[in-house]
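This is what each chain is made of:
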Amino acid sequence: MFGHRTVPLLIAVLALLTLSLAAGRVTAQIGPSDAAISFLAPLGDADVRAFVDDRGVQLTSLHASVLGLTGSYRSYAHISSAALVRDARESTITTFTNSLGSSAQRLRAFTGSNSAAQVAGDAGLQTQLRSLLNIRAKLQRAIALLTQGTAVIYAIDVNATPTQLAALASDWRVRAVAAAGDLAARQDLKPAALEVIWSDSEIDGLDAPGLYTRALAEGGR
Amino acid sequence: MKKLVALVVVAMMLSRTFAGAMYYPTSGDFWYNGQWQADSYTNWGCCPGGWLTADPGYEHDFATNYNYFTSCMTWTDLPYAYDDCPTAGVDETGNLWVFSYGSFHAQYTVQNTSYYGSWTFGGGSSGSDPYYLQGQEVTHAFCSGDSIWCMGAVRTTTLGSGTLYWGQSQYWTW
């Protein structure tokens, strides 16, 4: 159907078209979304999907919190709400799992450059080591909660019409709806109750030798 | 000019008052897994402080080539944390976009404590891309509340830079 010279040309045109479409998808999502919506308490993934899909609005970002870890996921491509919330949770679990590996590397680095005696004699080093172990415990606990499906989404960004936003605002679970241009209303998306410093009580109760022993065990020296 | 002189005087007073205090983490590290993820630990050492503003924020800025990303995600356990992916690309004019996480109220960082933060991207990949990691004091410049759209830069320091090579992990400290 096509000559020898036409096929490469068509391939090149298709490649350029694909690239420009991809670029268009990305640039279409740059800049603030139409509105930010915060909830009275964190919602689960299915609730967020239904919340936006029932009103026909486009979900662009979500904001989440678990055990004092705060995160946001932003898609630059137009994807469904189902895909966005699924990708966010799966990416978070993968990220925390990878970071568990790198946290062991930090523990090895710490015990490699500080002896048990140095740690025992330096309150600052004990604080640092305790925080390194608490980061690791926090990631482990968060992975378990996320895998169980714990509700963590406290706010979302959407593209929506004023009529759609009015409908969203009437939902009893909504704390605030703020249009992009309304900076004052876009403040304080996260409920104050989520501003927690989480730590593991067992780690907090360890003395200097206990901290060091645990670091050696978890760092895999 | 008077404002500039006053600012310099205040900065000198602050630096004398809090000897060794830094607005950016005095030690930390950066780890890249060779694919779509990087994380960083930050520690202000003995003396978080030396801020130029009364209610300072801190932003950990990771700048790299945005071209092949379809998503951005950050997480951190900094106090009063925020995640800045929604603002990435809004003000940038070149290929380097700044993907950040930070703290709305950095005065609550605790001495000698290490804090965690991570960046995860989705999409395609490139063989190699330059990146910069910067620590930035920020303040509530555009509105008084806690919103990523309120925060404006006060001053910035480069903590490190390099190249991300696809398939090669890297780790370094400062």
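Higher on the page you've got the structure.
First, a word on what this report is: a plain description of the structure on this page. (Residues numbered from 1 in each chain as written. Chains lettered and ligands numbered in written order. Predicted model: local features only at pLDDT ≥ 70, side-chain atom pairs only at ≥ 80, totals over all residues. Heavy atoms only, no water.)

Structural notes on the sheet that holds strand β5 (residues 174-179) of chain A
Okay, step 1: Judged by pairing direction, the sheet is antiparallel, and its 10 strands sit side by side in the order β5(A)-β1(A)-β4(A)-β2(A)-β3(A)-β4(B)-β7(B)-β2(B)-β1(B)-β10(B) without closing on themselves. For this open sheet the edge positions go to β5 of chain A together with β10 (170-173) of chain B, each flanked by a neighbour on one side alone. Across the sheet, the mean angle separating the axes of adjacent strands is 15° when strand polarity is ignored.
Okay, step 2: Direction of pairing for strand β2 (residues 37-43) of chain B relative to strand β7 (residues 114-123) of chain B: antiparallel, over a ladder of seven bridges. Along β7(B), the bridge assignment pairs B:D39 with B:S118.
Okay, step 3: Along the sheet, helix α5 (residues 123-148) of chain A contacts β2 (58-66) and β3 (69-75) of chain A together with β2 and β7 of chain B; its crossing angle with β7(B), the most-contacted strand, is approximately 40°. (Pairing = 2+ DSSP bridges. Helix = DSSP H or I, 4+ residues; strand = E, 2+ residues; numbered from the N terminus. Axes fitted to C-alpha atoms, helices over the stretch in contact; angles between N-to-C directions. Contact = heavy atoms within 4.5 Å.)

Digging into the packing of aromatic side chains
Residues and elements named next belong to chain B.
Okay, step 1: Scanning the model with the defined rule gives 22 aromatic pairs over all chains in all.
Okay, step 2: Each ring, one from W44 and one from Y115, has its centre 6.3 Å from the other, and the planes form 75°; the classification is edge-to-face. Highlighted residues: W44 in the loop between β2 and β3 (57-65) and Y115 in strand β7, separated in sequence by 71 residues. Across the pair, exposure class does not vary: W44 and Y115 are buried alike.
Okay, step 3: Arranged with centres 5.1 Å apart and planes meeting at 45°, the rings of Y101 and W119 form a pair that is tilted. In this pair, Y101 sits in strand β6 (residues 96-103) while W119 sits in strand β7, placing the two residues 18 residues apart along the sequence. (Phe/Tyr/Trp six-rings, centres within 6.5 Å; stacked < 30°, edge-to-face > 60°. Buried < 20%, exposed > 50% of the residue type's maximum accessible area, 1.4 Å probe, protein only.)

Side note on the state of the cysteines
Residues and elements named next belong to chain B.
Okay, step 1: Using the criterion set out here, one finds three disulfides over all chains in the structure.
Okay, step 2: Residue pairing for C143: its cysteine sulfur links by disulfide to C150, the two sulfurs lying 1.7 Å apart. Where C143 bonds to C150 through sulfur, the torsion about that S-S bond is close to -85°, and the disulfide is left-handed. For the residue pair C143 and C150, the accessibility class agrees, reading buried in each case.
Okay, step 3: Taking only the cysteines that form disulfides and numbering them from first to last, chain B has the pattern 1-2, 3-4, 5-6. (Disulfide = S-S within 2.5 Å.)

Digging into unusual backbone geometry
Okay, step 1: In the Ramachandran plot, A:L67 falls in the positive-phi region, its phi being about 55° despite a non-glycine side chain.
Okay, step 2: Looking at where A:L67 falls in the secondary structure, it is placed in the loop between β2 and β3.
Okay, step 3: With phi around 65°, B:N112 is a residue other than glycine that occupies positive phi space.
Okay, step 4: Summarising the element assignment, B:N112 is placed in the loop between β6 and β7.

Looking at the packing of helix α3 (residues 81-113) of chain A against helix α8 (residues 208-219) of chain A
The description of two helices packed together rests on the angle between their axes and the distance between the axes.
Residue and element names in this part refer to chain A.
Okay, step 1: The interhelical angle for the contact between α3 and α8, taken along N-to-C directions, is 130°, at an axis separation of 8 Å. Between α3 and α8, the interaxial angle falls into the category oblique. The element α3 and its partner α8 pack so that their crossing is left-handed. Each of A104, L107, R108 and T111 in α3 lies in contact with α8, whose residues at this interface are Y212, A215, L216, E218 and G219.
Okay, step 2: Residues that form the contact of α3 with α8 fall into these classes: five nonpolar, two polar and two charged. (Parallel < 35°, antiparallel > 145°, perpendicular 65-115°, else oblique. Left-handed = near helix turned anticlockwise from the far one by under 90°. Nonpolar A, V, L, I, M, F, W, Y, C, P; charged D, E, K, R; others polar.)

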